Structure formats: structure tokens, C-alpha cells
Amino acid sequence: MSLAGAKLPAMPNDSGRNSLVAEIPVSLPGKPDAARTEEPDEVMARNIAGVRAERLAGYHDHRGSLVPFMDFTRPFWNEPIVHAYEFTIRAGRIKGWGMHRRQADRYFVQTGDLRIVLHDGREGSPTKNAFCEFWFAGSGSLLLYIPQGVWHATLNWGTTLGRIVNFGTARFDPADPDKARIDPHSGVIPFDWTIRDG
């Protein structure tokens, strides 16, 4: 039997999509994904007041990649660059929790299978106790602004080294380091690091 030229009947459709597009009936319909009108990272960033996230597309071909990340017309770079460093996260390790009282962090996430988690521990914050999660696979670059007082930790769930460059908004002073730490396995910040399927 040839299906050339055959037309499938349109199924009832109340989703606002083209009613002429055929949908296949299924016995286990599951829960449909919500319509996406914004980038998921931008939506996630709104969970904590002051956090900003911008995924970087870049240009990739057989020779390599070019990823523009510093554009001073973007609000991300409004504060001066006074200090910058690269840090790495080994496979299977968690770096964090860490928090700064005087500086914001501005991450340029370069490479790695990473999971960055933020927790708002600021007294008086409208989003106190909220979490944000940002996921990366391979070379998915992101600019991430982490305000003062927001706890942050990074899990490398992959098998290669993860790399992040931080452009902090205050110069590091070894005589008075602006850094507080909490063990990520202590339960003081109630976050489950388990990676689930589904």
C-alpha cells in the first residue's frame, strides 16, 4: 500500500498550534512541556533577585570556535573589571559552597560538564532560601552574574576538567579575603546533589 499523497486526518487540538497539523494519538500521553517564550537560563535566573544569565552561542566550525563574551554595552559589564582569574573543577568534584559579602562574581563558563547551583541566603531578600541551577555540557558557554551574599557551588558531573573565568567586582585582598565557605555535604544548605534521570 502506497502512502504517497495520502493525508492524515487532523486531530483535535486546543493548544493554539496549527490545527491542520496531524497529531498521533498515544495511550500514555504524559505531561506536555510548557510553551517556551524565553531562554531557560534567563527564567531560572529570576529565582534569585539580582542573578543574571546569558547563554553564549559563539561560532563553531571544523577549525575550532570563537566565542565573544566581553561587550561593554551589556549591563553584565557595568561594574569595572578590577580582578580576574580562572579556576577549574576536576571530574566528580564539587567546588563550593562559597559566598562573598563585598563582591559580586561574574562567571564566564568556558568548558566542562558542569552544574552550577546558587542559594540565596541573604537576610531581607525577596527570594531568600531560593535556588537556581545552571547546566552545561562540553563547551556550552554562559555569562553568570552572582550577587553579593548568594552562595554558589559547582559540580563537575563529567569526565574532563571544567573551566570558569571569574571577573569579580572587587580586588582580592589576601590579608582580608572576602570568602565564606560551607561544606557541600554538610546539609547546612539543604540541596540534594543527586543527578536523576527522567
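Everything here concerns the structure above.
Everything quoted here is computed from the prediction, not taken from an experiment.

Comments concerning a positive patch on the surface
Taken together, Arg90, Lys95, Lys179 and Arg181 make up a surface patch of like positive charges. When you line up the elements, Lys179 lands in the loop between strand S11 (162–166) and strand S12 (180–181). For Lys179, a relative accessible area of 37% puts it in the partly exposed group.

Overview of the pairing of strand S9 (residues 141–146)
Burial within S9 is extensive, with six of its six residues counted as buried. By the alternation rule, side chains of S9 split into Ser141, Leu143 and Tyr145 and Leu142, Leu144 and Ile146, which are all buried. Inspection of the sheet shows strand S1 (residues 52–56) paired to S9 by five bridges, in the antiparallel sense. Residue pairing in the sheet places Arg55 in a bridge with Leu142 of S9. Bridge analysis of strand S6 (residues 105–111) against S9 gives five bridges, and the strand direction is antiparallel. Paired with Arg106 across the bridge in S9 is Tyr145.

Quick notes on a nonpolar patch on the surface
Taken together, the side chains of Met70, Phe72 and Ile81 present a nonpolar region at the surface, about 280 Å² in accessible area. Examined against the element boundaries, Met70 turns out to sit in the loop between strand S3 (64–66) and strand S4 (85–89). A residue is classified by how much of its surface remains accessible, and Met70, at 35% relative accessible area, is partly exposed.

Some points on the environment of Arg196
Tracing the chain through its elements places Arg196 in the segment after S12. Judged by its relative accessible area of 58%, Arg196 falls in the exposed class. Among the polar contacts listed, one links the side chain of Arg196 to the side chain of Asp192, at a separation of 2.7 Å.

Remarks on the sheet that holds S6
In space, the five strands of this open sheet follow the order S1-S9-S6-S11-S4, with antiparallel pairing throughout. Two strands lie at the open edges of the sheet, namely S1 and S4, each paired on one side alone. Sheet twist, expressed as the mean angle between neighbouring strand axes with direction ignored, is 20 degrees. With five bridges connecting them, S4 and S11 associate as antiparallel partners. Bridging from a neighbouring strand, Tyr85 pairs with Asn166 of S11.

Rules used in this analysis
- Residues numbered from 1 in each chain as written.
- Predicted model: local features only at pLDDT ≥ 70, side-chain atom pairs only at ≥ 80, totals over all residues.
- Heavy atoms only, no water.
- Patch = residues over 30% accessible without salt bridge, like charges linked within 9 Å, V, L, I, M, F, W, Y side chains within 5 Å.
- Areas by Shrake-Rupley, 256 points an atom, 1.4 Å probe, with all protein chains shown as cover.
- Salt bridge = Lys/Arg side-chain N within 4 Å of Asp/Glu carboxyl O.
- Lys, Arg positive; Asp, Glu negative; His and termini not counted.
- Charge placed at Lys NZ, Arg CZ, Asp CG, Glu CD.
- Helix = DSSP H or I, 4+ residues; strand = E, 2+ residues; numbered from the N terminus.
- Buried < 20%, exposed > 50% of the residue type's maximum accessible area, 1.4 Å probe, protein only.
- Pairing = 2+ DSSP bridges.
- Polar contact = N/O pair within 3.5 Å; in protein donor to acceptor, adjacent residues only side chain to side chain.
- Axes fitted to C-alpha atoms, helices over the stretch in contact; angles between N-to-C directions.

All quantities given are derived from atomic positions and should not be read as evidence of function.
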